[in-house]
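Structural overview
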Amino acid sequence: MFTNGKPWLDTDGNPIHAHGGHMLRHGGYWYWYGEDRRENYYVSCYRSRDLSSWESRGIVLSTDSETAPIRVRTDLSLKNETPFEFPKDRPIPEFLKKAKNKVNLERPKVLYNEKTGKFVMWIHYENGRDYHCAAAAIATSDTPDGKFTYHGSFNPFGYMSRDCTLFKDADGTAYFLSASRDNADMHVYRLTEDYLNVDALVHKLWQGEYREAPAVMRREDGKYFVFSSYCTGWAPNQGKYAVSDGMESRFSMLSDFGDETTYRSQPAFILPLDTETGKQYIYVGDRWGGRDYMSSSYIFLRIRFDDRGMPFIEWNENFELDDKKGLREI
Ligand code: GAL
């Protein structure tokens with residue numbers, strides 16, 4: 001049994017650090033990727049056959065990862081060249097002291113590219129001193145839980161790119177969504193076939209609405225939903241969603257989702273499940289610890305649909321999660 005907002009332990013008994021994360025199913029396993037701000041780590045990977053017990057597969061991206069440029073002009077630095085000087089008059093959280101020479105890599109998302117056989121990660125990059133780079137970074141690996149090679153950060157078509165997500169459509173076309181224009185607009189980019197670059201900017205959604213933490217799902221009836229939060233840093237706020245008939249079709253305006261703090265969470269990703277009793281979609285959110293970042297936890301809630309086919313979530317504390325049975329509220 002799991003309790004929303006309580007630490008989730010891996011099979012070694014350690015808290016799972018997969019914040020702002022993403023899940024991918026491959027070869028009989030689920031892989032859970034996410035931010036890990038311990039030591040010199042950036043991204044951790046866990047795997048599970050049943051979505052319930054998670055084995056740590058180690059750190060797939062760190063300050064020591066191999067780097068290799070690809071065709072876009074990228075900044076390959078994985079370390080902060082000008083270490084941040086902490087203000088003397090404020091207590092510094094322990095984990096941040098160790099992060100002195102790190103850049104900021106947030107919200108890692110990974111897709112498998114059928115054509116190239118590569119696992120491709122997109123992630124939000126900042127230099128570790130401020131939030132002005134607003135860039136996207138890419139890393140790849142031949143295996144889902146191998147050491148990823150870092151291909152550097154860049155601004156897609158020169159645009160700012162902060163909170164982000166990836167979405168693979170039914171035909172294999174992939175999209176990268178990221179908050180642009182200082183978070184005012186949500187951009188949707190179609191990716192190139194190899195998922196290593198942006199191919200076209202297909203939308204500038206909800207201009208001036210300041211949406212971030214995007215998460216996408218496609219329902220079996222062909223409706224697409226993008227969930228997001230407003231921009232209040234680590235503090236949670238009212239979640240909203242919009243609906244469309246396709247990633248390149250028109251999107252609706254925003255409607256509320258969850259309560260005024262989205263049950264004290266911010267969207268990380270949507271987990272689609274094929275269970276014995278049909279499709280389930282699970283909202284996975286981060287309950288951030290803020291200054292106590294290491295205590296950040298996860299919120300898993302069933303997404304249900306009303307008679308208009310629109311999604312909603314309700315609070316539920318305890319649940320079981322299983323690949324075949326889905327999420328069962330207790
Ligand atoms: C949030 C964002 C998080 C993290 C945080 C830092 O707005 O969604 O991913 O960047 O700000 O304050």
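Before any of the text, the structure's been laid out above.
Some remarks on the overall build of the protein
- Across its full length, the protein carries one helix and 23 strands.
- Compactness check: the protein gives a C-alpha radius of gyration of 19 Å against a globular reference of 20 Å for 330 residues, within 12% of the reference.
- Projected onto the principal axes, the alpha-carbon positions of the protein cover approximately 55 × 45 × 40 Å.
- Going through the 330 residues of the protein one by one, you find that 57% of them count as buried.
- Summarising the internal contacts of the protein: among those between residues at least 6 apart in sequence, 49% fall at separations of at least 24.
- When the 43 basic and 49 acidic side-chain charges of the protein are each reduced to a single mean position, those positions are 1 Å apart.

Here's the deal with the sheet that holds strand β20 (residues 297-305)
- Taken in spatial order, the four strands line up as β18-β19-β20-β21 in an open sheet, and their pairing is antiparallel. Each edge of the open sheet carries a strand with a single partner, namely β18 (266-275) and β21 (311-312).
- Judged from the two bridges that link them, β20 and β21 form a sheet pairing that is antiparallel. Bridge pairing in β21 places F305 opposite P311.

Section: the nonpolar core
- In this structure, Y33, V43, L61, L105, M121, F148 and Y150 are the most contacted members of the largest nonpolar core, which totals 23 residues.
- Contributions of two or more residues to this core are made by β3 (29-35), β4 (41-48), β5 (55-62), β6 (104-113), β7 (118-126) and β8 (135-141).
- Ranked by residues supplied to this core, first place goes to β7 with four residues.
- Setting aside chain neighbours within four positions, we find F148 in contact with Y33, V60, L61, S65, E66, V110, F119, M121, A139, T140, S141 and T143.

Overview of the sheet that holds β3
- Read from one edge to the other, the open sheet built from four strands follows the order β2-β3-β4-β5, with strand pairing classed as antiparallel. Each edge of the open sheet is held by one strand with a lone partner, namely β2 (19-26) and β5. Averaged over all pairs of adjacent strands, the angle between their axes in this sheet comes to 25 degrees, without regard to strand direction.
- As paired strands, β4 and β5 are joined by five bridges and run antiparallel to one another.

As for the site of the ligand
- Inspection of the region around the ligand gives E106, R107, Y131, D163, E212, G233, W234 and Q266 as its neighbouring residues.
- The contact in question runs from an oxygen atom of the ligand to an N or O atom on the side chain of E212, over 2.4 Å.
- Separating an oxygen atom of the ligand from a backbone N or O atom of G233 is a distance of 3.5 Å.
- Bound to the protein, the ligand loses 86% of the 310 Å² it would expose on its own.
- Grouping the amino acids of the shell around the ligand by side-chain chemistry returns two nonpolar, two polar and four charged.

Considerations on the state of the cysteines
- Going through the model one piece at a time under the given rule, you end up with zero disulfides.
- Left without a disulfide partner, C133 is nearest to the cysteine sulfur of C164, which lies 14 Å away.
- Of the residues examined, C133 reaches a relative accessible area of 25% and is grouped as partly exposed.

Let's talk about unusual backbone geometry
- At R181, a position not held by glycine, the phi torsion is positive, near 45 degrees.
- Secondary-structure assignment places R181 in the loop between β11 (174-180) and β12 (185-191).

A closer look at the pattern of salt bridges
- In total, this model carries 25 salt bridges according to the counting rule given.
- Linking D163 and R107 is a salt bridge whose minimum nitrogen-to-oxygen distance equals 3.2 Å. Taken together, the residues D163 in the loop between β9 (149-154) and β10 (164-168) and R107 in strand β6 connect sequence positions 56 residues apart. Taken as a pair, D163 and R107 share a single burial class, namely buried.
- The residue K324 makes a salt bridge to D323 at a minimum N-O spacing of 4.0 Å.
- For K324, a relative accessible area of 48% translates into the label partly exposed.

Each value, and the rule that gives it
- Residues numbered from 1 in each chain as written.
- Predicted model: local features only at pLDDT ≥ 70, side-chain atom pairs only at ≥ 80, totals over all residues.
- Heavy atoms only, no water.
- Helix = DSSP H or I, 4+ residues; strand = E, 2+ residues; numbered from the N terminus.
- Rg over C-alpha atoms; globule rule 2.2 N^0.38 Å.
- Buried < 20%, exposed > 50% of the residue type's maximum accessible area, 1.4 Å probe, protein only.
- Contact = heavy atoms within 4.5 Å.
- Lys, Arg positive; Asp, Glu negative; His and termini not counted.
- Charge placed at Lys NZ, Arg CZ, Asp CG, Glu CD.
- Pairing = 2+ DSSP bridges.
- Core = buried A, V, L, I, M, F, W, Y, C linked by side-chain atoms within 4.5 Å.
- Axes fitted to C-alpha atoms, helices over the stretch in contact; angles between N-to-C directions.
- Near = heavy atom within 4 Å.
- Polar contact = N/O pair within 3.5 Å; in protein donor to acceptor, adjacent residues only side chain to side chain.
- Areas by Shrake-Rupley, 256 points an atom, 1.4 Å probe, with all protein chains shown as cover.
- Nonpolar A, V, L, I, M, F, W, Y, C, P; charged D, E, K, R; others polar.
- Disulfide = S-S within 2.5 Å.
- Salt bridge = Lys/Arg side-chain N within 4 Å of Asp/Glu carboxyl O.

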